[in-house]
Structure formats: structure tokens, C-alpha cells
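Take a look at the letters that make up each chain.
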Amino acid sequence: MNSSPEKYQPSLPVRHRPWQNRAMGCGVALAVLGMFAGPVLAADNAVGAVTNPDQDAANRGAHAQDGSSVAFKTLSDLGEALYFDTNLSKNRTQACASCHDPDTAFRDPRDSIANGSFSMGDDGASFGDRNAPMAAYARLAPDFHITKDGIPVGGQFWDGRAKDLAAQAGGPPLNPVEMGMGGAHDVVSRLKEDQDYVTAFKALFDQNIWDDDDAAFNAMTQAIAAFEKTGQFTPFDSKYDRWLRGEYKMNPNEELGRVLFFSQQFTNCNECHQLKSAGAEGETFTNYQYHNIGVPQNRAQRTADGRNPDFVDNGLLDNPEITDPSFKGKYKVPSLRNVAVTAPYMHNGVFHDLKTVIRFYNKYNSRSKAAQINNETHKPWAAPEVPDTLSMTELEKGDALDSRRENALVAFLKTLTDKRYEPLLAAQEQAAKEAKAEQKVQKQ
């Protein structure tokens, strides 16, 4: 990973190009990853070919073999079109952006479906079992690996089973509860329907790329990954980033939250949500490790969706590289970037208010009766989905928080919102004020 963010000029929100008016979808975390050929290497004689798809393709121009220009000049341009292409789903209704919409901080905007906890698939009926994670800043996660100390780190999806972005991009198209395509051949057949894709794949990869379905499918995943590595996904321009650069002054509540967050004494936040030294630029607010923090089952939503409310998610144990049962129920620590505008929270979307999340953590350190009550259900916190593998060492570190400190942490977390999404945060806060005012009127 880079020690500091790449230079970035803030861009306007993604505007759908003509070929992007095919809707949007992908990324419910229960993808069935296929086994495909290794990285596609362009033939030496392919004009404008990309020999190393992982490097930035921004300066690479692509041309057809006859020298004519192609619709997509770079790998990331091609990936952007693919990201928005609903033709790559069985019923042509869903694309990556359906569950990772750039206009809503790369989360699923369909809040009215399953209360936002789970994403509906291309068939209009199926749901995944996990909340679709935010795609922003995902490129900064290291490839999945196990350290010499036996600690799983990195990867994509909640259980890290996709080693990198390209592997992640290959899962949803073939998942029957997501985009629902039958196999690589079916996806490639859809790609071939678009002559712009046909020409661009030849120019950016290899003239013979379409002779091998697995190679063409793998090329598609690399292109989507290239788009997800662009600055649109990693602007580092939140109030916190601007504060680091001396461009923003935090208010007292935000400043208190910042001090508490990075404290080695008063909270346990930085145990898992800090990667670099305090005050370093490019902080992603996750160490990319895996923990079981005792999240309860989302029984209410599963019941409402007509699914088994007793379902128990194995978490990291679903990763094929993990066989040790002590990892059951553990999930990758998510980035806190844009956390204030990407509810609901946790792997199963069981919590809908950011303050609920803070109070949930506080229940491990506070013995007050109020701290043991879920402020959303007004009932005691439900039991952990997987009770035997809790990360109690990390969870019980830190002091109990009073309401003032809880509010301060929420205020600080709001400063991690990318600049382009600050209007979403403002609208959210205005809606909360109006709802509170309405409740007050009703009580009179």
C-alpha cells in the first residue's frame, strides 16, 4: 500500500455515458467465485495492449489493429462502462453500480428494499445474506494473506475470499442471487453483443482474447478493477483530510471525538480502525484484520424477507483458505470512510443508526442499565450470532463512554465523509431534525 494518498483533483460525480443507461448492480457479499485463468497478458504485437493491468492505464491510448480509434481509450474507461452495464446480468436489470452506486458513496441506494440491509438480485426476488459493503477505498485493501503470526489480513468481501479487486469483480455476475449468469461463457456472450467492447478488448488485451471465454471473463474483471482503482473511489478530501492539511477547523465536538478515537486509553476504536500513526495522511480507518464483535443475527429482517431467521453466518470460515473453526463469525474490519452516509451497519445490516454502533461497542465497557439497551429496539442487546469466538481483548479495552463522548465520536466519524457526499450528510441530518420535531408535535 502507498504510505500517502495519490495526488487527486476532485472530480464531478460520475455521469452515466450513453452505454451506461443500462441501470446498475453488484457486490452483495455472497458471491460464488469461479475459477478462471490467470492474469491476461497482452500479446507483444497487440497495438496499445496492456501488459500489466495492475498499473495505472490513464496514459495508455488504445487503438484497433488497423490504427482506428476505439470507444474506450484506457483500461479504466472500459471498466467504467462495464461497471454500469446491466446487460451483464441474466435479466439485464443489474450492474455493479446497482449495489455500489457512485451517487450514494458506492453503497446500495435501494433503502426501501429489505430496509437496506440486504441487496435484491437480478431476479427481483433473491437476497444475499450480507450487507453490500462500500466499494470506495476498497483498492487500498492488501491482497488476502495470512501473516507469519497466523493472522488473516485483507482481501475483498466480508470474509476476504476474493484475493483482490479483480477476483471480487468476478463473483457477482455468476452468483445466482445477484446477477445470475450461468457461467463465463454466458457473460462473454453478452460482452460480444457490444462491438465497442469487442474492439476495445482486442486493443487493450490481445487480438485473440475472444477465443477463450475464461480469458475474456478475466479481462473483464481486470478492467472493472482498474476503474475501481481510479481517484473517484479514493478522493481523500473529507473534512478530516482537510483538517490534516490545515484547510478545515473542527468544532469542539468533532475535536473531542477525534481525540477519543485515536486515544490509547479512553476508547478501543483505534485497536482495529487505525492503520497508520495518528495524523498520517491516507488513513483508511481499518487494519484489514478480522474480528467477531458479537453482532446479533438480523432476525427481524430475515423474517420480513421470508427467509430463515435462525441462519448463522460463518464469516471468515467461509473463506476457502481458512479451516480453523476459531475464525468462525469473524469479519473483515471495514473502513470508516463515509461511514455516516453508508448505513445500515455490520455484515448483516442489523443496525441503522451510527450512534447505535457506538453504543453497541460501549456495552462491553459500561455496566449501566442504559448501556445494555439497544436504542433502536428499546430492548436488551440480542445475543451474538456466534458467541464462542468474540474478540474480547479488543472489545473490553477502554473506558465506559457517557452520552457526551458517544455524541462526540459520532461527530468525528461524520468528518470522514468525502466532500462530494457532504450534501447526503446534510440531508440526513435535516431529515432527523424534521422527524424529531414531528415526534414532539405528536406528544403534545
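Description of the structure in this document. (Residues numbered from 1 in each chain as written. Predicted model: local features only at pLDDT ≥ 70, side-chain atom pairs only at ≥ 80, totals over all residues. Heavy atoms only, no water.)

### What about the overall build of the chain?
Step number 1: Within the chain one finds 14 helices and 6 strands.
Step number 2: The contacts of the chain with a sequence gap of at least 6 include a subset with a gap of at least 24, amounting to 70%.
Step number 3: Carbon and sulfur atoms make up 50% of the accessible area of the chain, which amounts to about 19600 Å² in all. (Helix = DSSP H or I, 4+ residues; strand = E, 2+ residues; numbered from the N terminus. Contact = heavy atoms within 4.5 Å. Areas by Shrake-Rupley, 256 points an atom, 1.4 Å probe, with all protein chains shown as cover.)

### Considering the pattern of salt bridges
Step number 1: Counted by the stated rule, this structure contains 18 salt bridges.
Step number 2: Asp108 serves as the salt-bridge partner of Arg110, at 2.9 Å between the closest nitrogen and oxygen.
Step number 3: Residue Arg110 is classed as partly exposed on the basis of its relative accessible area of 24%.
Step number 4: Between Glu406 and Arg359 there is a salt bridge; the shortest N-O distance is 3.6 Å. You can see Glu406 sitting in helix α13 (residues 403-414) and its partner Arg359 sitting in helix α11 (residues 354-362), a full 47 residues away along the chain.
Step number 5: Given a relative accessible area of 18%, Arg359 falls into the buried group.
Step number 6: Because the salt bridges share partners, they merge into one network encompassing Arg130, Asp159, Arg161, Asp313 and Asp318. (Salt bridge = Lys/Arg side-chain N within 4 Å of Asp/Glu carboxyl O. Buried < 20%, exposed > 50% of the residue type's maximum accessible area, 1.4 Å probe, protein only.)

### Quick word on unusual backbone geometry
Step number 1: That bond from Ala343 to Pro344 is cis: its omega, 0°, falls within 30 degrees of zero.
Step number 2: Take Pro344: it is sitting in the loop between β4 (331-332) and α11.
Step number 3: The phi dihedral of Phe285 falls on the positive side, at around 60°, and the residue is not glycine.
Step number 4: When you line up the elements, Phe285 lands in the loop between α9 (269-272) and β3 (290-291).
Step number 5: The exposure class assigned to Phe285 is buried, which follows from its relative accessible area of 0%.
Step number 6: Despite not being glycine, Tyr288 has its phi angle at roughly 65°, a positive value.

### Some points on the packing of aromatic side chains
Step number 1: With the rule as written, the count across this model stands at 26 aromatic pairs.
Step number 2: Ring plane angle 70° and centroid distance 6.1 Å describe the contact between Phe360 and Tyr361, whose orientation is recorded as edge-to-face.
Step number 3: Looking at Tyr361, the relative accessible area reads 23%, which means it is partly exposed.
Step number 4: On the numbers, 5.4 Å between centres and 70° between planes, the contact of Phe360 with Trp381 is edge-to-face. In this pair, Phe360 is assigned in helix α11 and Trp381 in the loop between β6 (379-380) and α12 (392-395), connecting sequence segments 21 residues apart.
Step number 5: On the basis of relative accessibility, which here comes to 12%, the residue Trp381 falls in the buried class.
Step number 6: Ring pairs connect the aromatic residues Tyr240, Trp243, Phe261, Phe262, Phe285 and Phe412, which therefore count as one cluster.
Step number 7: One cation-aromatic arrangement involves Arg161 over Phe157; the distance from NZ or CZ to the ring centre is 4.2 Å. (Phe/Tyr/Trp six-rings, centres within 6.5 Å; stacked < 30°, edge-to-face > 60°. Lys NZ or Arg CZ within 6 Å of the ring centre and 35° of its normal.)

### Observations regarding the packing of helix α1 (residues 75-83) against helix α6 (residues 213-228)
Step number 1: Contact geometry for α1 and α6: axes closest at 7 Å, N-to-C directions at 100°. Relative to α6, the element α1 is oriented roughly perpendicular. Together, Leu75, Ser76, Leu78, Gly79, Glu80, Leu82 and Tyr83 of α1 and Met220, Gln222, Ala223, Ile224, Ala226, Phe227 and Glu228 of α6 make up the contact between the two elements.
Step number 2: Residues belonging to the contact of α1 with α6 are distributed by class as follows: 9 nonpolar, 3 polar and 2 charged. (Axes fitted to C-alpha atoms, helices over the stretch in contact; angles between N-to-C directions. Parallel < 35°, antiparallel > 145°, perpendicular 65-115°, else oblique. Nonpolar A, V, L, I, M, F, W, Y, C, P; charged D, E, K, R; others polar.)

### A look at the nonpolar core
Step number 1: Ranked by size, the top nonpolar core spans 80 residues in total, and within it Leu78, Leu82, Tyr83 and Phe201 carry the most contacts.
Step number 2: Put simply, the parts of the chain that give this core at least two residues each are α1, α2 (96-99), α4 (184-192), α5 (195-204), α6, α8 (252-262), α11 and α13.
Step number 3: Element by element, the count of residues in this core is highest for α6, at 9 residues.
Step number 4: The residues touching Leu78, leaving out its near neighbours within four places in the chain, are Phe72, Tyr197, Ala200, Phe201, Leu204, Phe205 and Ala223.
Step number 5: Grouped together as the second largest cluster of nonpolar side chains are 5 residues, Phe144, Tyr290, Leu316 and Phe327 included. (Core = buried A, V, L, I, M, F, W, Y, C linked by side-chain atoms within 4.5 Å.)

### A short note on α1
Step number 1: Here α1 lies mainly inside the structure; 8 of its 9 residues are buried.
Step number 2: When α1 is considered as a whole, its buried residues turn out to be Leu75, Ser76, Leu78, Gly79, Glu80, Ala81, Leu82 and Tyr83.
Step number 3: Buried residues along α1 sit against α2, α4, α5 and α6.

### What about the environment of Val187?
Step number 1: Position of Val187 among the secondary structure elements: in helix α4.
Step number 2: Using a relative accessible area of 0% as the deciding quantity, one classes Val187 as buried.
Step number 3: Separated by 97 residues in the primary sequence, Val187 and Lys90 have C-alpha atoms spaced 8.8 Å apart.
Step number 4: Among all residues touching Val187, those that are not within four sequence positions of it are Leu88, Pro173, Leu174, Met181, Phe217 and Met220.

### Quick notes on the environment of Phe157
Step number 1: Take Phe157: it is sitting in the loop between β2 (152-153) and α3 (165-169).
Step number 2: Overall, the relative accessible area of 4% leaves Phe157 in the buried class.
Step number 3: C-alpha of Phe157 to C-alpha of Asn319: the two residues are 162 residues apart in sequence and 9.8 Å apart in space.

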